[in-house]
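Observations on the model geometry
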Amino acid sequence: MSEANPFFSPSTLPYQLPDFARITDADYAPAIERGIAEQRAEIQSIIDDPAEPTFENTFLPLEESGQLLTRVLEVFYNKSSSDSTEVTNALEERFAPILAAHSDSIRLDSRLYAKIDAIHAGLGESGLDAESRYLVERYHTEFTLAGAALDDDAKEVLRDYNQRLSSLTTRFEKNLLADTNELAVHVLDAAELEGLSSGELSAAAGAATERGLDGYLVSLVLFTGHPYLASLRRPETRDRLLAASRARGIHGGEHDNRELVLEIVRLRADRARLLGFESHAAFVTADETAKTPEAVADMLDRLAPAAARNARAEQDVLQAVVDRDPAARRLEAADWAYYTEIVRSEKYDVDTSALRPYFELERVLVDGVFHAATALYGIEFTERPDLVAYHPDARVFEVHDADGSPVGLFVGDFYTRDSKRGGAWMNSLVSQSDLLGTLPVVVNNLNIPRPAAGEATLLTYDETNTLFHEFGHALHGLFARVRYPKFSGTSVYRDFVEFPSQVNEMWMLWPEVLANYAVHHETGERMPQAIVDRLRASEQFNEGHQTSEYLAAALLDQAWHRLSPEEAAAVTDVAAFEANALAAAGLDNPVVPTRYSSTYFAHTFAGGYDAGYYSYIWSEVLDADTVEWFRANGGLTRENGDRFRRFVLGVGGSRDPLDAFRDFRGRDAVIEPLLERRGLA
C-alpha cells in the first residue's frame, strides 16, 4: 500500500503537476520521512566517495539529491499555508525541528564541506562555465555562513538553535492564523457596516454563514489597516475593526505570541554570535545585496524623516476635514483611511470605492494581467479545467511561448478562507531545472473576499495592484531557465526578489492595459480617461502615511534583529520595546500605526523576512529606476519585455542579481526615481 503514495515517484501529469486527486493528508508524513532518508543516503554517497573531489562527483549529485523530499515539501508547504487542516498544522509542528536537523546534517558536515572547500579553492583553474562556477561559489558561501567551519561542540549548539527556531516560528504562524480567525469582527446589524458595498456585505454574510453565525463576519487581513476602514461610516465600527487587528497575538490566551517573539529574538542573537556576527541582522545581510545592517540603516534613516513629515502634513489636511463637523472626535488611527477617501474625492475627484465596478476579477486577470504579459513577452494562457489543483478555488492555466513551446503551469487561488493564512504570495509546486528535466508550476495566492453566489467579484484598487504584483513573482518563476535546481525561479537574494514583482505593478494603469480590462461589469463602459488622469494626479497623496507605516515595520524588524545577545536577553516587554524603537525612528505617530506590530509580524517572525523586511523598499530602488527605463524606451513592447526577460527574469538565481540588473539597465540603479515616486525628493 505504501507504494501507492503519490509522492514516491514523479507525477505523470503534464508538467509533473502533483496528482492532487490522489494526494491525502495521510501521504505527507511517509513521503517526508522517506525523502529525508533518501537524501541522507545520497549525501552519504558523496561523502564516502574516495575519489578526489570534483564538480562532477560533488556538486552534480548534490543538485540531484533530495528529489522526493522536494516533491513533497513544495506541495506540503503550499497546502499548509493556503488550505491548512488540523492534520497539516500538527505535521508542520512535528516536522519543523526534524527538517531543520536534516538541513543541518548536510550543511554542517565537515567532510562534505571539505570537498566543497577544495573545489572552491581551485575554481580559477576549473574550466567550468559561468553558471557552474556560480553554483560552487554559492554553496561555499552558504555552507560557510551556516557554520560548516565551526568545531563539533559549536555545531551541536547551533543544531539546537536551528531546531528550536524552526519550532518557534512554526508556532508563531499557527498562533497568528488561529488568532486572525478568532478575532474576526462579528456584526449582527447591517447598519453597523454602513458604507460597505453590496458585494462586501454579501462576502461578510457568507463568511458568517460558513462559521454557523447569524449576521456578518468581517475577516481580518494580514496588515494592521483593513481595506474596509476606508468605507465604514460608523466610527465605533472602525474602532472595533482596527482594535481586533492590533490585538492579534497580544491579548492573552493560548495564541499569544509575545513570549515567542522574545524567545525567537534571543535565539537568533545567540546564533549570530556563535557564527561570528554582532547581530542577527549582520548575519542575514552578509548574504544579501545590502551586505551590512549599516547600509540598510543608511537608506531607511534617509527616508524616515521625510516620510514622517509628509504624514504629519497629511494628518493636518485630514484633521481640517474632521473639524468641519463640531460633533466629530479628533482624528484617530481608525479614521485615517475614511477621511483620506473624503479628501481624495474632494481634492482630486477620485472615489476609489467607485472604481470597484471596473475591477472585476476575471477581467482583471485575463484582460489585464495576462494581456500585459502577452504584449510584453508573447506568452499565451489556456485554462486547463481538466487538471485538478489542491482546492476547488484554485484554477490551472497552461502557459506557452509565442512559438508554441511550453513555459509551465500557473495556478491562481484568489479567494480568502479560514484555512488560508493572510496576505498574498507566490509558491512553486514544481521548480524548473534543465538538470532534472522539469518545467515550472507556480501558484499565486490572494485573499479576496468571496461574494454571494451569482454576484461579481469586484476588487479594490489595492487588490488589483496586488494581483499584478504577485503575478510578477509568478513570471519570475515561470521564465527562469537554469540548469541547476538551486537557481530555479525566484531563488535570488531576499532583498532582490521583490524587484520583478514591483516592476509588474506598473502595467496596472498602463493605458493599453487599463483600456483592455477596466470595464464596468454592468454597463460595459470603459473606465473614463478623466478618472485615470485624476488617479495619476492623486498618486502621491497619502504617500507619507503609506511610506511611514511601511518604514515603521522595516525599522522595527531591524531594531529587533540588531540586538546583541545581552541586549536581547534584557528585553522583557514586547510592546515597550516596539514603542521605543518607533520613537527612536521618529515614526511613533499614534495616528499612523506600523503596518505590522511584532506579535502579528509574520514576515519577520515566521515568513523568512527576518532582518529583511527592508527588502521591499530596497528592491523598489531598482523597480523605480526600471520603470523610468521602460517609459523612456517605448513602454509595453515585445522588445522591452524580451530584454527584461533575458537579463533579469530568465536568469533566476544563476548569477549575481546586481550584475544582471547592470546588464539590463546599463548601469547601477539610482535612488532619485524612488524619491520622486514617493514624494520624498
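A brief look at the structure comes next. The shown structure was predicted, so the numbers you read here are calculated from the model rather than taken from an experiment.

**Considerations on the overall build of the chain**
The number of helices and strands found in the chain is 26 helices and 7 strands. The C-alpha radius of gyration computed for the chain amounts to 25 Å, which stays within 12% of the reference 26 Å derived for 681 residues, consistent with globular compactness. Overall size of the chain, expressed as C-alpha extent along the three principal axes, is 85 × 60 × 55 Å. Going through the 681 residues of the chain one by one, you find that 57% of them count as buried. When contacts within the chain are restricted to residue pairs at least 6 apart in sequence, those whose partners lie at least 24 apart make up 76%. Only carbon and sulfur atoms are counted for the fraction: they give 50% of the accessible area of the chain, which is about 26800 Å². Once the 65 positive and 109 negative side-chain charges of the chain are each reduced to a mean point, those two points are 1 Å apart.

**Quick look at the sheet that holds strand β5 (residues 406–415)**
Read from one edge to the other, the open sheet built from 5 strands follows the order β3-β4-β5-β7-β6, with strand pairing classed as mixed. At either end of the open sheet lies a strand with only one pairing partner, and these are β3 (380–383) and β6 (425–430). The mean angle between the axes of side-by-side strands here comes to 30°, regardless of whether they run parallel or antiparallel. Pairing of β6 with strand β7 (residues 441–448) involves 5 bridges; the strand directions are antiparallel. In the sheet register, Asn427 faces β7, and the bridge partner there is Val443.

**So, empty space enclosed by the protein**
Overall, the coordinates contain 4 cavities of 30 Å³ or more when judged by the stated rule. If you add up the space inside the largest cavity, you get close to 60 Å³. Taken together, Leu376, Tyr377, Gly472, Leu475, Pro500, Val503, Asn504, Met506, Trp507, Phe630, Phe644 and Leu649 make up the full set of residues lining the largest cavity. Within the residue set of the lining of the largest cavity, elements represented by two or more residues are α14 (361–377), α15 (461–479) and α16 (498–504).

**Points about helix α7 (residues 152–182)**
With 31 residues, α7 extends 45 Å between its outermost C-alpha atoms, agreeing within 8% with the 45 Å of an ideal straight helix rising 1.5 Å per residue. Its side-chain oxygen placed 3.2 Å from the backbone nitrogen of Asp153, Asp151 serves as the N-cap of α7.

**Some thoughts on unusual backbone geometry**
Although it is not a glycine, Gln16 adopts a positive phi angle of roughly 55°. You can see Gln16 is positioned in the segment before α1 (28–48). Residue Gln16 is classed as partly exposed on the basis of its relative accessible area of 28%. A positive phi is found at Asp349, a non-glycine position, where the angle reads about 55°. Looking at where Asp349 falls in the secondary structure, it is placed in the loop between α13 (336–348) and α14.

**Quick word on the pairing of β5**
The buried count for β5 comes to 9 of 10 residues, which makes it a mostly enclosed element. When strand β4 (residues 395–400) meets β5, the two strands line up antiparallel, connected through 6 bridges. The partner of His400 across the bridge, within β5, is Pro406. Hairpin remark: β4 followed by β5, antiparallel, with 5 residues in the connecting loop; positive phi at Gly404, about 90°.

**Remarks on the pattern of salt bridges**
In total, this model carries 50 salt bridges according to the counting rule given. Two residues, Glu92 and Lys174, come together in a salt bridge whose shortest N-O distance is 2.5 Å. In this pair, Glu92 is assigned in helix α4 (residues 86–107) and Lys174 in helix α7, connecting sequence segments 82 residues apart. For Arg667, the salt bridge goes to Asp625, with nearest N and O atoms at 2.7 Å. One end of the pair, Arg667, is in the loop between α25 (657–665) and α26 (672–677); the other, Asp625, is in helix α23 (residues 615–632), and 42 residues separate them in sequence.

**Let's talk about the packing of helix α19 (residues 543–561) against helix α21 (residues 574–584)**
Between α19 and α21, the least distance of the axes is 9 Å, while the angle of their chain directions is 115°. When you trace α19 past α21, the crossing you get is right-handed. From α19, Ala552, Leu556, Ala559 and Trp560 reach across to α21, where they touch Val574, Phe577, Glu578, Ala581 and Leu582.

**Concerning the packing of aromatic side chains**
Under the defined criterion, the tally for this structure stands at 44 aromatic pairs. On the numbers, 5.6 Å between centres and 40° between planes, the contact of Phe172 with Phe605 is tilted. Of the two residues, Phe172 is situated in helix α7 and Phe605 in helix α22 (residues 602–605); the sequence distance between them amounts to 433 residues. The burial state of Phe172 is the same as that of Phe605; both residues are buried. Relative to Phe630, the ring of Trp507 lies with its centre 5.4 Å away and its plane at 90°, an arrangement referred to as edge-to-face.

The rules behind the values
Residues numbered from 1 in each chain as written. Predicted model: local features only at pLDDT ≥ 70, side-chain atom pairs only at ≥ 80, totals over all residues. Heavy atoms only, no water. Helix = DSSP H or I, 4+ residues; strand = E, 2+ residues; numbered from the N terminus. Rg over C-alpha atoms; globule rule 2.2 N^0.38 Å. Buried < 20%, exposed > 50% of the residue type's maximum accessible area, 1.4 Å probe, protein only. Contact = heavy atoms within 4.5 Å. Areas by Shrake-Rupley, 256 points an atom, 1.4 Å probe, with all protein chains shown as cover. Lys, Arg positive; Asp, Glu negative; His and termini not counted. Charge placed at Lys NZ, Arg CZ, Asp CG, Glu CD. Pairing = 2+ DSSP bridges. Axes fitted to C-alpha atoms, helices over the stretch in contact; angles between N-to-C directions. 1 Å grid on protein atoms, 1.4 Å probe; cavity = no way out; pocket = protein on both sides within 12 Å on 5 of 7 lines; lining within 4 Å. Points joined across faces, edges and corners; volume = space filled by probe spheres on them. Expected span 1.5 Å × (residues − 1). Polar contact = N/O pair within 3.5 Å; in protein donor to acceptor, adjacent residues only side chain to side chain. Salt bridge = Lys/Arg side-chain N within 4 Å of Asp/Glu carboxyl O. Left-handed = near helix turned anticlockwise from the far one by under 90°. Phe/Tyr/Trp six-rings, centres within 6.5 Å; stacked < 30°, edge-to-face > 60°.

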